[in-house]
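# Structural characterization, general
Listed below are the residues making up each chain.
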Amino acid sequence: MSACCGPGRDAAEGPGTPDDPAVLPVPGVPVRSAGPHPTPELVPIPPQRFTMGTDDPRGYQADGEGPAHPVELDGFELAVHTVTNAQFAAFVAATGHVTTAEQFGNSFVFAGLLPDDAPPTQAVAAAPWWRLVEGASWRAPEGPWSDVEARPDHPVVQVSWLDAQAYCAWSGTRLPTEAEWECAARGGLAEQHYPWGAEREPGASTG
């Protein structure tokens, strides 16, 4: 399935094998070292019934966002903040994990973040605002001319599903299901287009 707004990699091209300890091909398989790890701040989301998906024509119907349908959820917990560069660095230091982007030697970067003198690079055909940059990884989010030293509290980027699964195995957590994520992202509002309501820019001037 093609992504609506971001690039992806063909699973058949993915690096590593089940024997490679740097990747986590099966959810729940531990990484090389449990090690000490920070406990993320979690908030409880109570059991509830909510309407998942949308019938709004602005939704991505081709990606299976409709029809809207009721879903029953058990209670779960969700981290207050996304995983930061500092937290991911602690995970890498404890386990020696090598991310997918580091194994490939490149990753996709939003074109607007590239410097003016960045060399020409391959673009995604269906999403030309994503550019393949050699040397881009979580350590260098926009390419080899960038780093995260001054961004310890920024969300970690350039991580794959495999990397996220490995981090969860180390931190004693798991990724939310699609239904759990949508329920939490709705912020308790029912059938609104945005987490804050129906308008993209409430109170914005139209003049």
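Presented here is an overview of the structure given in this document. Going along each chain's sequence as written, the residues are numbered from 1 onward. Given that the model is predicted, a residue must reach a pLDDT of at least 70 before its local features are reported, and side-chain atom pairs must reach 80 or more before they are shown or counted; all residues, however, enter totals for whole chains, interfaces and linings. Note that the side-chain values use all heavy atoms of the structure and ignore hydrogens as well as water.

## Some thoughts on helix α3 (residues 161-171)
For an α-helix, the turn length of 3.6 residues means that residues three or four places apart are oriented alike. Within the sequence span of α3, burial applies to D163, Q165, A166, Y167, C168, W170 and S171. In this structure, the buried residues of α3 make contact with α1 (85-95) and α2 (100-104). Buried means the residue's accessible area, taken with a 1.4 Å probe over protein chains only, is under 20% of the maximum for its type, while exposed means over 50%, and partly exposed covers the values in between. Numbering goes from the N terminus for both helices and strands, where a helix is a DSSP run of H or I of at least four residues and a strand is a run of E of at least two. Should any heavy atoms of two residues lie within 4.5 Å, those residues are considered in contact.

## Focus: the environment of G187
Here G187 lies in the segment after α4 (178-185). Here G187 falls in the exposed class, since its relative accessible area comes to 57%. Remark: the alpha-carbon pair of G187 and G197, spanning 10 residues in sequence, is separated by 9.6 Å.

## Quick notes on the side chain of T95
Inspection of the secondary structure assignment puts T95 in helix α1. Relative accessible area serves as the criterion here: at 6%, T95 is assigned to the buried category. Residues adjacent in sequence count toward polar contacts only when both atoms are side-chain atoms; beyond that, a polar contact is any pair of N or O atoms within 3.5 Å, and within protein one must be able to donate a hydrogen and the other to accept it. A polar contact is formed between the side chain of T95 and the backbone nitrogen of H97, at a distance of 3.1 Å.

## Comments concerning a nonpolar patch on the surface
Residues with no salt bridge and a relative accessible area higher than 30% make up the patches, which join like charges within 9 Å and nonpolar side chains (Val, Leu, Ile, Met, Phe, Trp, Tyr) within 5 Å. With residues, only the protein chains shown are counted as cover, and all accessible areas are computed by Shrake-Rupley using a 1.4 Å probe. The term salt bridge refers to a pairing of a side-chain nitrogen on Lys or Arg with a carboxyl oxygen on Asp or Glu at a separation within 4 Å. A contiguous nonpolar surface patch, about 300 Å² in accessible area, is contributed by F110, L113 and W129. Relative to the assigned elements, F110 resides in strand β5 (residues 106-110).

## Looking at the pattern of salt bridges
Applying the stated criterion across every chain yields a total of 6 salt bridges. R151 serves as the salt-bridge partner of E142, at 3.1 Å between the closest nitrogen and oxygen. Here E201 makes a salt bridge to R200, at a shortest N to O gap of 3.2 Å. The exposed category is assigned to R200, whose relative accessible area is 57%.

## Re the packing of α1 against α3
Lines fitted to C-alpha atoms define the axes, with helix axes restricted to the stretch in contact, and inter-axis angles between N-to-C directions lie between 0 and 180 degrees. Where α1 contacts α3, the axes come no closer than 11 Å and their chain directions differ by 75°. The orientation of α1 relative to α3 falls into the category roughly perpendicular. Contacts from Q87, F88, A90, F91, A94 and T95 of α1 reach α3 at D163, A166, Y167 and W170. Lys, Arg, Asp and Glu make up the charged group, whereas Ala, Val, Leu, Ile, Met, Phe, Trp, Tyr, Cys and Pro make up the nonpolar group; the residues left over, Gly among them, are polar. Residues that form the contact of α1 with α3 fall into these classes: 7 nonpolar, 2 polar and 1 charged. Angle categories: roughly parallel below 35 degrees, roughly antiparallel above 145, roughly perpendicular from 65 to 115, and oblique for all the rest.

## Description of the sheet that holds strand β7 (residues 127-134)
When DSSP locates at least two bridges between a pair of strands, those strands are taken to pair. With antiparallel pairing, the 3 strands of this open sheet are ordered in space as β5-β7-β6. Of all strands in the sheet, those bounded by a partner on one side alone are β5 and β6 (123-124). Inspection of the sheet shows β6 paired to β7 by 2 bridges, in the antiparallel sense. Among the inter-strand pairings, V124 is bridged to a residue of β7, identified as A127.

## Notes on the environment of V43
Position of V43 relative to the elements: it lies in strand β1 (residues 42-45). The exposure class of V43 is partly exposed, given its relative accessible area of 34%. Sequence separation between V43 and V80 is 37 residues; the distance between their C-alpha atoms is 6.4 Å. The residues touching V43, leaving out its near neighbours within four places in the chain, are F76, E77, L78 and V80.

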